[in-house]
There are 2 protein chains.
Amino acid sequence: MRLSTKGQYGLRAVLDLADRFGQGPVPLNTVAEREEISEHYLEQLMSQLRKAGIVTSMRGAQGGYQLSRNPEEITVAEVIDVLEGPMVPVDCLASDGGCRRSSVCAAQSLWKRLAEAMNEVLGSTTLADLVEENHRLRSQNGDIMYYI
Amino acid sequence: MRLSTKGQYGLRAVLDLADRFGQGPVPLNTVAEREEISEHYLEQLMSQLRKAGIVTSMRGAQGGYQLSRNPEEITVAEVIDVLEGPMVPVDCLASDGGCRRSSVCAAQSLWKRLAEAMNEVLGSTTLADLVEENHRLRSQNGDIMYYI
DNA sequence: TTTAATCCCAACTGTTTCACTCGGGATTCA
DNA sequence: TGAATCCCGAGTGAAACAGTTGGGATTAAA
């Protein structure tokens, strides 16, 4: 039950944009470098995020990507939903049809509770929250980043 | 971010055993039929559960599987852990090493909170809880099961 | 007006995981 | 002895994963 790299990379990328929100578009290659993600692969993820209205893009020189809204207005749940699909542990919760045993399936009620717990965390955390957390962590480390 | 069928089938199977706890071993094929799971595939899952000490097996005629402990003493978290590995959304939480950015990674602290929320649900639910829920659901439906 | 920087798009690819199936062998009860 | 059961390892087709490749379109700056 792991997130794929899509969700992980995608979140890191929008966090990178959130950290620079209001400073104009950020080209993809600088995000890719800072976050150590394959540029072409990240491009595919950003394309999905753009179609979902989370980021906007500008082509040409001096172009790049930026968040389409304030970081306070974008939840992690939104981002993950775009890249990973609905955050539910089993398919029968995602599709409306569900399975035919659902009325008598104790397992399903458990999965439902699990989904609620997950969405509580992801839906209540915004990009701004994480940027703030990031600054807190950085200042604790005296702004020294040991990794390259 | 879905559970594989291993976790889903495995939970259904042990729930089936929990429902018949104390009535002697249940042969694999009856569990497989009731739960509509490929017998040979389920065999592999039961083998893992046996090695993990969740079920015990008896060979030969009149043999089968049964829970090794009371249903009240087995949590869903245990079962899922055996079949799906640690319930954490990203690898860097599962391996002790972690990633080298962890000291300054806001995403990681989010994933940690998510893992805690998930384990809170799964770790506090026992097989007995779900069996009880099952009986409740069945009585609501007047014990009529429309599915085949 | 060219050129470099950038985004946009579709197709291809090697690896891994999934969800099984197949074909046996070992035990135990009747 | 024979049927019922568990035990085990190997094989398999399909899908997803995590990219790579190779172009094209748009825009700002020289």
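Computed from a predicted structure; not experimentally measured.

A.B. asks: How do you make sense of the interface of chain B and chain A when you look at a structure like this?
C.D. replies: Accessible area lost during the coming together of the parts is what is often quoted as the interface size. The interface is formed by 44 residues belonging to chain B together with 44 residues belonging to chain A. With both chains or domains summed, chain B and chain A bury close to 4200 Å², and 62% of this area falls on carbon and sulfur atoms. Area buried by chain B at its contact with chain A is led by Met1, Arg2 and Arg101 of chain B, which between them contribute 20% of it. In this structure, the connection of chain B to chain A is made through two salt bridges. In this structure, arginine 2 of chain B and aspartate 91 of chain A form a salt bridge, with 2.4 Å as the shortest nitrogen-oxygen distance. The interface formed by chain B and chain A contains 12 residue pairs in polar contact (both at pLDDT 80 or more). Those elements that place two or more of their residues in the side of chain B that touches chain A are helix H1 (5–19), helix H2 (28–35), helix H4 (76–84), helix H5 (91–94), helix H6 (106–123) and helix H7 (127–140) of chain B. Examining the composition of the side of chain B that touches chain A, we find that 11 residues originate from one element, H6 of chain B, more than from any other. Within the side of chain B that touches chain A, the residues separate by chemical class into 28 nonpolar, six polar and 10 charged.

A.B. asks: Sorry if this is basic, but what is going on with the protein's contact with DNA strand D here?
C.D. replies: Of all residues adjacent to DNA strand D, which total 27 residues, the nearest are His40 and Gln44 of chain A together with Leu28, Glu43 and Ser57 of chain B. For DNA strand D, the backbone portion of the atoms within 4 Å of the protein, that is sugar and phosphate, comes to 66%. Contact distances for DNA strand D include 3.5 Å between a phosphate oxygen and a side-chain N or O atom of lysine 6 of chain A. Of all elements in the fold, only helix H1 (5–19) and helix H3 (39–51) of chain A together with helix H3 (39–51), strand E1 (55–58) and strand E2 (64–67) of chain B reach the threshold of two or more residues within the surface near DNA strand D. The residue inventory of the surface near DNA strand D, partitioned by class, reads nine nonpolar, 13 polar and five charged.

A.B. asks: Could you clarify how one ought to interpret the relation of the copies chain B and chain A in this entry?
C.D. replies: Superposition of the two copies of the chain requires a rotation about an axis together with a shift along that axis. Mapping chain B onto chain A is achieved by rotating through 180° and translating by 0.0 Å along the same axis, at an RMSD of 0.0 Å. Those values place the two copies in the arrangement expected of a two-fold rotation axis. Most of the interface of chain B is mirrored in chain A, where 100% of its interface residues again form contacts.

A.B. asks: Explanation requested: H1 of chain A in the structure shown.
C.D. replies: The α-helix winds at 3.6 residues per turn, so residues separated by three or four positions along the chain end up facing the same way. The first and last C-alpha atoms of H1 of chain A sit 21 Å apart over 15 residues, in line with the 21 Å expected at 1.5 Å per residue. Of the positions making up H1 of chain A, those classed as buried are Gly7, Gly10, Leu11, Arg12, Ala13, Val14, Leu15, Asp16, Leu17 and Ala18 of chain A.

A.B. asks: How do you make sense of the environment of proline 71 of chain A when you look at a structure like this?
C.D. replies: All names here are of chain A. Among the secondary structure elements, proline 71 is positioned in the loop between strand E2 (64–67) and helix H4 (76–84). With 11 residues separating them along the chain, proline 71 and valine 82 place their C-alpha atoms 16 Å apart. If we ignore the near neighbours within four places in the chain, the residues touching proline 71 are Ala18, Phe21, Thr126, Leu127 and Ala128.

A.B. asks: Would you mind going over the side chain of glutamate 133 of chain A with me for this structure?
C.D. replies: Mapped onto the secondary structure, glutamate 133 of chain A falls in helix H7 (residues 127–140). Polar contacts involving the side chain of glutamate 133 of chain A include one to the side chain of serine 109 of chain B, which spans 3.2 Å. Among residues more than four places away in sequence, those in contact with glutamate 133 of chain A are Ala106 and Ser109 of chain B.

A.B. asks: Would you mind going over the packing of aromatic side chains with me for this structure?
C.D. replies: Given two aromatic rings, one states the distance between the centres and the angle between the planes to describe the pair. Residues and elements named next belong to chain A. In total, this model carries two aromatic pairs over all chains according to the counting rule given. An angle of 85° between the planes, with centres 6.0 Å apart, marks the rings of tyrosine 9 and tyrosine 41 as edge-to-face. With a gap of 32 residues between them, tyrosine 9 in helix H1 and tyrosine 41 in helix H3 connect regions that are remote in the sequence. On the accessibility criterion, tyrosine 9 (21% relative accessible area) is partly exposed. You can call tyrosine 41 partly exposed: its relative accessible area is 27%.

A.B. asks: What's the story with the packing of helix H6 (residues 106–123) of chain A against H6 of chain B in this structure? I'm lost.
C.D. replies: In helix packing, the relevant descriptors are the interaxial angle and the interaxial distance, both defined with respect to the helix axes. Close contact between H6 of chain A and H6 of chain B brings their axes to 9 Å; oriented N to C, the two are set at 155°. Taken together, H6 of chain A and H6 of chain B sit at an angle that is classed as roughly antiparallel. For H6 of chain A against H6 of chain B, the interelement crossing comes out right-handed. Contacts from Leu110, Trp111, Arg113, Leu114, Ala117, Met118, Val121 and Leu122 of chain A of H6 of chain A reach H6 of chain B at Leu110, Trp111, Arg113, Leu114, Ala117, Met118, Val121 and Leu122 of chain B.

Parameters and conventions
- The written sequence of each chain sets the order in which its residues are numbered from 1.
- A letter from A marks each chain and a number from 1 marks each ligand, given out in the order of writing.
- Reporting of local features is limited, given that this is a predicted model, to residues whose pLDDT is at least 70; pairs of side-chain atoms are given and counted only at 80 or more, and all residues count toward the totals for whole chains, interfaces and linings.
- With hydrogens and water excluded, all non-hydrogen atoms of the structure serve as input to the side-chain values.
- Contact between two residues is taken to exist if any of their heavy atoms lie within 4.5 Å; hydrogens are not considered.
- Once two parts are joined, some of their accessible surface, as seen by a 1.4 Å probe, is lost; buried area is that loss totalled over both.
- Should a side-chain nitrogen of Lys or Arg be within 4 Å of a carboxyl oxygen of Asp or Glu, the pair is scored as a salt bridge.
- We define a polar contact as two N or O atoms separated by no more than 3.5 Å, with the added condition that, inside protein, one atom must be a possible hydrogen donor and the other a possible acceptor, whereas residues neighbouring each other in sequence contribute only through side-chain atom pairs.
- Where helices and strands are cited, they refer to DSSP runs of H or I of at least four residues and of E of at least two residues respectively, numbered from the N terminus.
- As a working rule, the residues Ala, Val, Leu, Ile, Met, Phe, Trp, Tyr, Cys and Pro are called nonpolar, Asp, Glu, Lys and Arg charged, and the rest polar, with Gly in that last group.
- Nearness here has a simple test: a residue counts as near a molecule or strand if at least one of its heavy atoms is within 4 Å of that partner.
- When the copies are superposed, the least-squares fit takes in the C-alpha atoms of residues with a pLDDT of at least 70 in both.
- To estimate how far a helix should extend, the number of its residues minus one is multiplied by 1.5 Å.
- Each residue gets one of three labels from its accessible area relative to the maximum for its type: buried under 20%, exposed over 50%, partly exposed in between, using a 1.4 Å probe on protein chains only.
- Aromatic rings from Phe, Tyr and Trp, with only the six-membered ring used for Trp, were paired whenever their centres fell within 6.5 Å, and each pair was classed as stacked if the ring planes differed by under 30 degrees, edge-to-face if by over 60, and tilted otherwise.
- Lines fitted to C-alpha atoms define the axes, with helix axes restricted to the stretch in contact, and inter-axis angles between N-to-C directions lie between 0 and 180 degrees.
- By the definition adopted for this analysis, an angle is roughly parallel if under 35 degrees, roughly antiparallel if over 145, roughly perpendicular if from 65 to 115, and oblique otherwise.
- Left-handed describes a crossing in which the near helix is turned anticlockwise from the far one by less than a right angle; the clockwise case is right-handed.

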